[in-house]
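Working through the structure, step by step
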Amino acid sequence: MSDAERPFEPIEPNAGEDFEPVDVFPDSTDFDLRPGADSCYKCSACDTNCPVAEVDDDFPGPKFQGPEQWRLKQQDDDYGVDESVMDCSNCMRCDSACPSGVPLSQMHNTARGEYVEEEMSKLSVEYWRNRILANYRTSAWLASKAPRLANVAMNFGPARWLMEKTMGITSERDFPAFATETFREWWERKGAAAGSRERAQEHRERRGEPRDADKRVAYFHGCYANYNTPEVGKSMVRVFEHFGYEVVVPEQGCSGTPMFANGMLSDARRHAEVNVSSFADLVDQGYDAIASCTSCSMALRQEYPELFDIDGIDDVAKHTFESVEYLRIHEDLREELREADVDGDLAREFAYHAPCHARNQGLERQAVELFRDLDGVDVADVGDSCSGISGTYGWKDEKYEKSMAIGEEMFEHMEATEGETGMTECPTCAMQMEHGTGYEIRHPLELLDAALVE
Ligand code: SF4
Ligand code: SF4
C-alpha cells in the first residue's frame, strides 16, 4: 500500500492530439514548443510570482521573456533576444503560476540558448565564467583528485578575491567542501550492484517478501551527491535496500540543470545524451530512475523532453522519480515511521524549505507530511518563498545581492523555527540556507536513514 499517488506526470508532447510543433524561433532547428505556447492572455500571474521581478525593478519578468519576445521574434526575423533573459534564474515558478499552460521556462531556456549562441561574445569574461560555473562537474572531478588541497585552495582568501575581480564569482560565499571519498568510490567499495542485490535480498527476507521480488532502481546521484555530499547518496542506497530494492548506479553526466540556466544548451545536450542512453537501457529492463536532487529529477522529467529529441527520452522521463516520492508511492512509509525512533546524533527539529523545482513536481509538502508522525521529530515548513540561489545564479558577483534579497524571507522563517538545522532536497538551496542562517542542512533521506536503518 502506498501513502501517495504520483503527483507529477511528465509532459507527453502531442499526447492524444494532432499537434504540429511550433518553432520558437524560425532559424532554430533543434527546439520546439510544447502545446500552449501561444495561449498567453496577459494576466500577469507569472510576473507576480517571479522572485527576480520582486526584487529587481529592471527585470521585465517572465511574460516578456516568454510570449512577448516570441511574438516580437515572429514579427521580425532580425529581432535579437534581449539580454535580460540572463537575469532569469530558471526557478520555474512562472510555469506553475500560469493558468493558461504557457510553457514559460521552456521558452526562457530556448531564448537563453539563442542569446548565448548568437548575441554573447565568446571572448567575454561573462561567457567563460558562466561556462565554468555551468560545467561544475568538470571542476568537481578535478578537485576530487586532491580534495583536501582543493578545499584549502578554493577558500583561500586572496584566491577568492582574485576570482571575484577577474571572473565575477562572488567571494561572499564559502565554496562547499569536496568529499575525501566520492559517492561512486564508496559504492564500488560496498560491492556495487552485486553487493546491493545481496543486501536487498536479505532485507526482502526480513520483510517477508519473495527473495526474487522485482524491486530495482537506477540511481541518478548527480554531481553534488557524488563529489560533495556522498552521505546523501549513501542514505539513499541504505533506505532503498532496507525496503528490498536492488540499486544500480549507471554511468552518468551532469543533469544539465546549471547548463540550462546559463544558456549552454549544447553542453546540456551532450550530458543528456549520456544520461538518456544509460537510463533508457535500464528502463527497458524494468528499472525506474531515482534522483535525490529535485532539480535533477526535474531535468530528466521535464526539461529533457521539452528541449531535446533523443531516442528513449520520453521513456526515461516517464520512469523518473524523486527518491522520497518513489518510496511514498510504492511503500507504506508513514506506517514504518510511526514505529521508528531516530538513532544517532541527528537533530530532531528541522526548518524545511521546499525547493522551487520540488514545487514544480508537486512535492512541496511531502517531507512535512511524511515526518508528521515520527516520534520526537518536528519538521516545520518555512513557507513558499524561493531560496534565491538558483544553482549558479547566486554565485555570480553581480547577482549575489539579488539572490540574498530573494532569500531573506526564507532566512527569517528559518530563524523563527525551533532548532538550528535545516532540511531540503536541493543541494544549492542547502548552500543558501546555510549561508543565510549558519544552520547545518540535511536531506530528508538522511532522516529516513537515521529513523529506519541506522
Ligand atoms: S523562471 Fe523564475 S526567475 Fe525566471 S522568469 Fe520564471 S519565475 Fe522569474
Ligand atoms: S501567467 Fe500565463 S497567461 Fe498570464 S501573463 Fe503569464 S504567460 Fe500569460
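Structure: see above.
A brief structural summary. (Residues numbered from 1 in each chain as written. Chains lettered and ligands numbered in written order. Predicted model: local features only at pLDDT ≥ 70, side-chain atom pairs only at ≥ 80, totals over all residues.)

1. Here's the deal with the overall build of the chain
- A tally of regular secondary structure across the chain gives 24 helices and ten strands.
- When its C-alpha atoms are laid out on the principal axes, the chain stretches across 65 × 55 × 40 Å.
- For the chain, long-range pairs separated by at least 24 residues make up 77% of all intrachain contacts whose partners lie at least 6 apart in sequence. (Helix = DSSP H or I, 4+ residues; strand = E, 2+ residues; numbered from the N terminus. Contact = placed C-beta atoms within 7 Å.)

2. Remarks on the site of ligand 1
- Neighbouring ligand 1 are 14 residues, the closest being Cys50, Pro62, Cys88, Cys91 and Cys94.
- Of all the secondary structure elements, the ones that give two or more residues to the shell around ligand 1 are helix 3 (62–75), helix 4 (93–97) and helix 5 (104–118).
- Grouping the constituent residues of the shell around ligand 1 by class yields eight nonpolar, five polar and one charged. (Near = placed C-beta within 6 Å. Nonpolar A, V, L, I, M, F, W, Y, C, P; charged D, E, K, R; others polar.)

3. Things to note about the sheet that holds strand 8 (residues 378–381)
- Strand order in the open sheet formed by four strands is 8-7-9-10, and the pairing between neighbours is parallel. Edge positions in the sheet fall to strand 8 and strand 10 (440–442), since each has one partner strand and no second. Mean inter-strand twist for the sheet, computed between neighbouring axes without regard to direction, equals 35 degrees. (Pairing = 2+ DSSP bridges. Axes fitted to C-alpha atoms, helices over the stretch in contact; angles between N-to-C directions.)

4. Here's the deal with the pairing of strand 5 (residues 288–291)
- For strand 3 (residues 216–220) and strand 5, the ladder comprises four bridges, and the chain directions are parallel. Looking across to strand 5, one finds that Phe220 is bridged to Ala291.
- One ladder, built from three bridges, connects strand 5 with strand 6 (residues 320–322); its direction is parallel. Across the sheet, Ala289 pairs through a bridge with Thr320, a residue of strand 6.

5. Quick word on the packing of helix 3 against helix 5
- Interhelical geometry of helix 3 versus helix 5 gives an angle of 75 degrees and a closest axis separation of 9 Å. Classified by the angle their axes make, helix 3 and helix 5 are roughly perpendicular. Of the residues in helix 5, those touching helix 3 at Pro62, Gln65, Gly66, Gln69 and Trp70 are Leu104, Met107, His108 and Ala111.
- Residue classes in the contact of helix 3 with helix 5 are distributed as five nonpolar, four polar and no charged. (Parallel < 35°, antiparallel > 145°, perpendicular 65-115°, else oblique.)

6. Section: the nonpolar core
- Counting residues in hydrophobic clusters, the biggest one holds 94 residues, and the most contacted among them are Ile290 and Leu300.
- Setting aside residues no more than four positions away along its own chain, Ile290 makes contact with Val217, Ala218, Tyr219, Phe220, Phe321, Ser323 and Tyr326.
- The next biggest cluster of nonpolar side chains, apart from the first, holds 22 residues, and it includes Cys40, Cys50, Val81 and Cys94. (Core = buried A, V, L, I, M, F, W, Y, C linked by C-beta atoms within 7 Å. Buried ≥ 20, exposed ≤ 12 C-beta atoms within 10 Å, placed from the backbone.)

7. Quick look at the site of ligand 2
- Surrounding ligand 2, one finds 15 residues, the nearest of these being Cys40, Cys43, Cys46, Cys98 and Val102.
- Of all the secondary-structure elements, those providing two or more residues to the shell around ligand 2 are helix 1 (45–48) and helix 3.
- Here the shell around ligand 2 takes three residues from helix 3, the largest share from any one element.
- Here the shell around ligand 2 is composed, by residue class, of ten nonpolar, three polar and two charged.

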